[in-house]
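Listed here are the chains, written in short residue letters.
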Protein chains: 2
Amino acid sequence: MNLKELLTARSKEAWGLYLPHISLDCVLFGFHDATLKVLLLKLKEQDTWSLPGGYMEKEEEIHAAAGRILSERTGANNIYLEQFRVFAELNRSESFFNDYPDTLWHKQRFISVGFYALVDYTNVEPVIDDLGEACEWKDVNELPEMMMDHRRILDEALITLRRQLNYKPIGMNLLPEEFTMPELQKLYEIILGKKLNRGNFYRKMMAYDILDKQEETRRGGAHKAPNLYKFNLEKYMAALAEGFKESW
Amino acid sequence: MNLKELLTARSKEAWGLYLPHISLDCVLFGFHDATLKVLLLKLKEQDTWSLPGGYMEKEEEIHAAAGRILSERTGANNIYLEQFRVFAELNRSESFFNDYPDTLWHKQRFISVGFYALVDYTNVEPVIDDLGEACEWKDVNELPEMMMDHRRILDEALITLRRQLNYKPIGMNLLPEEFTMPELQKLYEIILGKKLNRGNFYRKMMAYDILDKQEETRRGGAHKAPNLYKFNLEKYMAALAEGFKESW
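Residues numbered from 1 in each chain as written. Chains lettered and ligands numbered in written order. Predicted model: local features only at pLDDT ≥ 70, side-chain atom pairs only at ≥ 80, totals over all residues. Heavy atoms only, no water.

Draft legend 1. A look at empty space enclosed by the protein. For the coordinates displayed, the defined rule picks out 1 cavity of 30 Å³ or more. Each pocket or cavity is described by its volume, and for the largest cavity that value is around 30 Å³. Only strand 5 (111–119) of chain A together with strand 5 (111–119) of chain B provide two or more residues apiece to the lining of the largest cavity. When its residues are assigned to classes, the lining of the largest cavity shows 7 nonpolar, no polar and no charged. (1 Å grid on protein atoms, 1.4 Å probe; cavity = no way out; pocket = protein on both sides within 12 Å on 5 of 7 lines; lining within 4 Å. Points joined across faces, edges and corners; volume = space filled by probe spheres on them. Helix = DSSP H or I, 4+ residues; strand = E, 2+ residues; numbered from the N terminus. Nonpolar A, V, L, I, M, F, W, Y, C, P; charged D, E, K, R; others polar.)

Draft legend 2. Molecular detail of the interface of chain B and chain A. The interface is formed by 38 residues belonging to chain B together with 38 residues belonging to chain A. Each partner contributes to the roughly 3200 Å² buried at the junction of chain B and chain A, and carbon and sulfur atoms together form 61% of this total. Summed over the shared surface of chain B and chain A, the number is 0 salt bridges. Linking chain B with chain A are 8 residue pairs in polar contact (both at pLDDT 80 or more). For the side of chain B that touches chain A, the secondary-structure elements that each account for two or more residues are strand 1 (18–32), strand 3 (53–57), strand 4 (80–87), strand 5, helix 4 (181–192), helix 5 (198–208) and helix 6 (233–242) of chain B. Considered class by class, the residues forming the side of chain B that touches chain A number 21 nonpolar, 4 polar and 13 charged. (Contact = heavy atoms within 4.5 Å. Buried area = accessible area lost by both parts, 1.4 Å probe. Salt bridge = Lys/Arg side-chain N within 4 Å of Asp/Glu carboxyl O. Polar contact = N/O pair within 3.5 Å; in protein donor to acceptor, adjacent residues only side chain to side chain.)

Draft legend 3. How the structure looks around the pattern of salt bridges. A full pass over the atoms with the stated rule returns 33 salt bridges over all chains. Across the salt bridge formed by A:Glu89 and A:Arg152, the nearest N and O atoms sit 3.3 Å from each other. Taken together, the positions of A:Glu89 in the loop between strand 4 (80–87) and strand 5 and A:Arg152 in helix 3 (residues 150–164) put the pair 63 residues apart, joining distant regions of the chain. Owing to a relative accessible area of 32%, A:Arg152 belongs among the partly exposed residues under this scheme. One salt bridge connects B:Arg92 with B:Asp25, and the closest N-O pair in it is separated by 3.6 Å. Here the residue B:Arg92 occupies a position in the loop between strand 4 and strand 5, and B:Asp25 occupies one in strand 1, the gap between them amounting to 67 residues. Considered together, B:Arg92 and B:Asp25 belong to a single accessibility category, that of buried residues. Salt bridges sharing partners connect three or more residues here, namely A:Glu57, A:Glu60, A:Arg68 and A:Glu72. (Buried < 20%, exposed > 50% of the residue type's maximum accessible area, 1.4 Å probe, protein only.)

Draft legend 4. Structural view of the relation of the copies chain B and chain A. In the superposition of chain B on chain A (RMSD 0.0 Å, axial shift 0.0 Å), the rotation amounts to 180°. Taken together, the rotation and translation relating the two chain copies correspond to the operation of a two-fold axis. Of all interface residues in chain B, 100% are interface residues in chain A too; the two copies therefore contact each other through one and the same surface. (Least-squares fit on C-alpha atoms with pLDDT ≥ 70 in both.)

Draft legend 5. Examining the domain arrangement of chain A more closely. All names here are of chain A. Along its sequence, chain A is organised into domain 1 (3–164) and domain 2 (181–242). Put simply, the middle of domain 1 and the middle of domain 2, counted by C-alpha atoms, are 32 Å apart. Listed as interface residues are 7 residues of domain 1 and, on the opposing side, 7 residues of domain 2. For the pair domain 1 and domain 2, the two sides together bury roughly 620 Å², of which 77% comes from carbon and sulfur. If you look at where domain 1 meets domain 2, you find 0 salt bridges. Inspection of the region where domain 1 meets domain 2 yields 1 residue pair in polar contact (both at pLDDT 80 or more). (Domains from an automatic or database assignment.)

Draft legend 6. Spotlight on the side chain of A:Asp139. All names here are of chain A. One can find aspartate 139 in strand 6 (residues 132–139). No salt bridge forms around the buried aspartate 139; measuring N to O, its nearest opposite-charge neighbour lysine 37 is 5.0 Å away. A polar contact of 2.8 Å, which involves the side chain of aspartate 139, links it to the backbone nitrogen of asparagine 141. Setting aside anything within four residues of it in sequence, one finds aspartate 139 in contact with Thr35, Leu36 and Lys37. (Lys, Arg positive; Asp, Glu negative; His and termini not counted.)

Draft legend 7. A look at the environment of A:Glu89. Judged by relative accessible area, A:Glu89 falls into the partly exposed class, the value being 35%. In the structure, A:Glu89 is positioned 82 residues away from A:Gly171 in sequence and 33 Å away in space, judged by C-alpha atoms. Not counting residues up to four positions away in its chain, the partners in contact with A:Glu89 are A:Arg109, A:Arg152 and B:Glu61. Within the structure, the side chain of A:Glu89 is placed 3.3 Å from the side chain of A:Arg152, a separation counted as a polar contact.

Here is the structure:
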């Protein structure tokens, strides 16, 4: 079946199953080889890429819906997800379905709730469903052309992530359990898209009081073995819930 | 007419006019007499208070809908509004309409988009519509009991406002044009709900580089006349759009 036949076949079921006018789009970030990646997919017969997305069942909680959508795409459960913005512009998606009948589920006006998630790259097994022809990690600095307003949704997710660096910890699902300060700094630099001063980074990070310095250093290499750190789970979770003490 | 008759009469029109399943709730903050206020209203025959809210017309932009809803309530136009979160829990509002027929517009499941706004208290003229019996400013520290999940929406708006103090300027619509550093500090303290150190506040605020110190000081009073400041409009707007340079 081609895309039109597949969408038409799904439309009737969708009207019975989901809340109309509300969709979800998920921006799934992973960190790998010192680059920030995002999971994108490509529908059949399309040149442009899209975010993993879907709809909310009539009696489903929205967080559960986002988890279900991502789990179908990645095989991963219990992904840490957060809603960050609603995308509601008139015609943000409608015009894509110009050639379809007005009764098509997908052609109605959708208000899309954007979620973002941070995952351990190695835990994810991208899944291509029958509507798609590709599902891949893409470098956020080398994004392909995207459909509808999905590029804007992705950009807003990244802005949200950057802002959150000012009041929330990050790294728990992105770094290995033990890491060096330069590795943590690299993660911040990649999210922020700019270089940071090493001394300032160290002081600011230590002031957040979420790291435990390990007794062991990392072996191997010609230079002095670098110190290793772990996140202090309790302090990290408290900072995640309440924000950093260091902020206002 | 009582509330039930009024809602029933409006229901039919609402089905034709608005997008189903999507509502908006607005948390309108004002600053007055060194307290943070929020605009609440009370429906007829109810003991609890609610946020100003409404629905989105089928072809209306969501931001315009929020502006329209607040303008109807306050007589003020061009209010600075921002969406901050979606409230989507199953039965967050439905059970309030248990005694009504299932065809009632208001009884369907609603995903509510929360907006918050900061206004010049003196520009607002609270309006009581025919469904209501009160529309008043309430001190955020002395809130009355609220209906449905409106208290949670208000609390989340306040959390958002607090977080934004870490990366965005605030005060433009809340303070008079010229103000002293202690007055600005007071605004921060009221939003944060805690005392701040005077020296730290001064240094951090000056580092944000959004204030112009005025030549004139404030006259009157026995003590040394305090310095007056104005927001530098250009720098303030740049910081609003891009975040503070001082942050990560």
